[in-house]
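Observations on the model geometry
Letter by letter, the chains look like this.
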Amino acid sequence: MAREAVGTIEAPKTVDTSARAEIRTPAQLAWRQLRKHRFALAGGAVLVILYLMAIFAEFLAPYSLDFADRNKFFHPPIVPQFYDAQGFSLRPFVHETTLVDPGLRRYEATSGRRHYVRWFVRGEPYRIFGIIPSSVHLFGVDEPGRIFLLGTDQSGRDLFSRILYGSRISLTIGIYASLVTIPIGLIYGGIAGFYGGRVDNVMMRMSEIIIAFPEFYLLLTLSAVLPTAVGCTTRFYLIVLIVSFIGWAGFSRIIRGIVLSLKEQEYVLAAKASGLSDLRIIWRHIIPQTSSFVIVVVTLGIPGAILGESGLSFVGFGVREPCASWGNLLTSASNLPTLSLSPWLMAPGLFIVAAVVAFNLFGDGLRDALDPRHRTG
Amino acid sequence: MLRHIAGRLLNLIPMLLGITVVSFVIIQLSPGDFLAEMRLNPIVSQATVDQMRANFGLDQPLHIQYLRWLWNAARLEFGYSFAFQVPVTWLIGSRFLNSLLLGVISFTVAWLVAIPIGIYTARRQYTWVDNTVSLWAYVGISTPTFFSGLFLLYLAFKTGWFPIGGLTSIDYEFLPWWGKLLDKAHHLILPGVVLSILGVAGLMRQMRASLLEVLRQDYVRTARSKGLAERVVVNRHAVRNAINPLITIFGFGLGGLWGGAAILETVMGYPGIGKLLLDATIQKDLYVVMAALVIGSVTLVIGNLIADVMLVVSDPRIRYD
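As the structure is a computational prediction, the values presented were derived from the model and not from experiment.

Quick notes on the rules
- Residues numbered from 1 in each chain as written.
- Chains lettered and ligands numbered in written order.
- Predicted model: local features only at pLDDT ≥ 70, side-chain atom pairs only at ≥ 80, totals over all residues.
- Helix = DSSP H or I, 4+ residues; strand = E, 2+ residues; numbered from the N terminus.
- Buried ≥ 20, exposed ≤ 12 C-beta atoms within 10 Å, placed from the backbone.
- Contact = placed C-beta atoms within 7 Å.
- Nonpolar A, V, L, I, M, F, W, Y, C, P; charged D, E, K, R; others polar.
- pLDDT = per-residue confidence, 0-100.
- Pairing = 2+ DSSP bridges.
- Axes fitted to C-alpha atoms, helices over the stretch in contact; angles between N-to-C directions.
- Core = buried A, V, L, I, M, F, W, Y, C linked by C-beta atoms within 7 Å.

Scanning chain B for helices and strands turns up 12 helices and 0 strands. Ordering the α and β elements of chain B from the N terminus gives α-α-α-α-α-α-α-α-α-α-α-α. With respect to the principal axes defined by its C-alpha atoms, chain B has extents near 85 × 55 × 40 Å. Expressed as a percentage of its 321 residues, the buried residues of chain B come to 37%. Considering only residue pairs separated by 6 or more positions, chain B has 73% of its internal contacts joining residues 24 or more positions apart.

As structure tokens, then:
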């Protein structure tokens, strides 16, 4: 953690002009360590893919968030095929289907007409990054054919598209929550740790009250406070606030612990002796020292926020219809008779698990990489 | 030791007050109340609504309401449920025991399974067994209970091996005592498995990390170099020291388990305190929500206290007084 450990200098033992001293910055050392951590790299790769999916959701999704084909409710996943009764085709295609048994929700390819999967098709218009207008989608099939990679829900909405749009909420909630939690936690924990004594005692007792609640209980009751008649975006930000309200306490406790040990260091004494104000010492000299802890704690805290939001949305207290988040998409799977006929409704859950596993793997790898004690050579 | 416990208990008092204040404020902040629905009901006269308001003390100023509630809560009377028309204590008592039962079972299973796995993987660090188990442990801690719960319910529905939700069958009342026991056990398997997986995954990781840390210590090297069998070194010397940090986790683990159980209970229709809280929140059943919040957090706080005491008992290096 010490700032003076800027790099290790592999000094040549004998005087040899050809050998260059290698100087590595802490970031390079961390990266070197992280590269050895295969699980962490895999986690990082999954995260990159997931976030790219979230960013380019409109382009990747064949349908829009609200697109619904009422005649195709609870449609099973349509996998593009290369082969049918008419023979083999290099270009994958799907068959058009119609509902033959509404009770068992059986769909059958009646006409046998092929609808070829086309790349970069024109579809519903959207804006890239909310600015550049476009209507190109990565793939699609000609009407009236449909391509539902992960099936549809009760109103015939494409689950795959909705998962892509939902990832925007599910994957960003943790980041937004961190943006709120980090400054509060740094200042609160910084002050408590720096002053110690009675200030510390009172501040920590207060944060302990928040920690004392079972997390989900607090999330649930707090979300009941939220106004119901607000738009999706407003509700999203309100939920961010709730998640942060629960998260700041634990985070500031960690910061307080670090600051408590840091303030005994000589450089803090030196800063005090040179007459800096307390706030300046905390903010400019102590807080920056906690940076690698913050990175790790945040990386490992985001999955908690994802789980919190998805749980909340799952029971109907978080993000609500018609918006999509991975949690509320899973709600339609909570009816067992429905689920038994349409098991693909569980797909959003797999995305939750994938994202959380990836964050945990990456976060643990990052912790090992940033903590010199965990480095292996 | 006793003095330490007494001191900790005294410290709990301001904390409990804080917990009740926060709960009370949250509930007051939430828009609408149970009576709002009644007011819209044309059958219920305004006089009845006013009468109910007075009965429940809702016409009093907030601080009076709070103090009243607190005074009653101190005597374990948590008010009256609007929705069920029964005392909250009566309503919550059995639910609390159900949640506790589920928690204790899964916690016990988690410890019994996780410790041996943790030891096994720590002794074979970075082998394929260790890597596989670790990866699954990651999946275990990352799977939300409502998802694993749904998945198991789906399997149960397809195979018919396990009852779908609840804690008792319809014919429960007509079963002999051993039949009742078996029936409950049968119902407990699915939620128990979900929570145990969560617990095993978390604890196993901690045990592995903790044992690896201990195995690097000098005294382990000493034990090895004086020729002790590896089995003795690990089981007699290392494991006993590695378990200590886990006891602290016991307290935190309880929190995660309690929260994870809350949402699982709603998925599985398990009559526990978490499901009660959810239903009460939807119905704006003020005193039930309040009691569930307070009881949930008090359980957590006491769990932490027990963990602390156990740590003092098990680790002679830690002395509080």
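Now for the interface of chain A and chain B. With 37 residues of chain A in contact, the opposing surface of chain B contributes 43 residues. Mapped onto the side of chain A that touches chain B, the elements with two or more residues apiece are α5 (197–212), α6 (215–225), α10 (291–314), α12 (336–341) and α13 (347–370) of chain A. Counting residues per element, the side of chain A that touches chain B draws most heavily on α6(A), at 8 residues. A per-class count over the side of chain A that touches chain B returns 27 nonpolar, 7 polar and 3 charged.

Residues and elements named next belong to chain A. Across chain A, the average pLDDT comes to 84, with 93% of residues at or above 70. The least confident element of chain A is helix α1 (residues 26–36), whose mean pLDDT is 80; the most confident is helix α2 (residues 38–55), at 92. Within the model, pLDDT remains below 50 along residues 1–9, and this stretch shows 9 contacts once partners closer than five positions in the same chain are excluded.

Turning next to the sheet that holds strand β1 (residues 81–84) of chain A. All names here are of chain A. Read from one edge to the other, the open sheet built from 4 strands follows the order β1-β2-β5-β6, with strand pairing classed as antiparallel. Each edge of the open sheet is held by one strand with a lone partner, namely β1 and β6 (132–141). Here the strands of the sheet are splayed against their neighbours by 45° on average, with no regard to which way each runs. Where β1 and strand β2 (residues 87–95) come together, 3 bridges link them in antiparallel fashion. Along β2, the bridge assignment pairs glutamine 81 with phenylalanine 93.

Moving on to unusual backbone geometry. That bond from A:Glu321 to A:Pro322 is cis: its omega, 0°, falls within 30 degrees of zero. Despite not being glycine, B:Leu76 shows a phi value in the positive range, around 60°. Note that B:Leu76 resides in the loop between α4 (62–74) and α5 (88–123).

Moving on, we get to the confidence of the model for chain B. When pLDDT is averaged along chain B, the result is 83; 95% of the residues meet or exceed 70. Two summary scores accompany this predicted model of the complex, namely pTM at 0.87 and ipTM at 0.86.

This next bit is on the nonpolar core. Grouped together as the largest cluster of nonpolar side chains are 160 residues, with contacts concentrated most on B:Leu277, B:Met290, B:Ala291 and B:Ala292. Apart from residues no more than four positions distant in its own chain, B:Ala291 is found in contact with B:Phe78, B:Val88 and B:Ile92.

A few words on the pairing of β2(A). The two faces of the sheet receive side chains in turn, since in a regular strand these alternate between them. Residue and element names in this part refer to chain A. What sits between β1 and β2 in their antiparallel hairpin is a turn of 2 residues. Direction of pairing for β2 relative to strand β5 (residues 114–128): antiparallel, over a ladder of 3 bridges. Directly across from phenylalanine 93, in β5, lies its bridge partner tyrosine 116.

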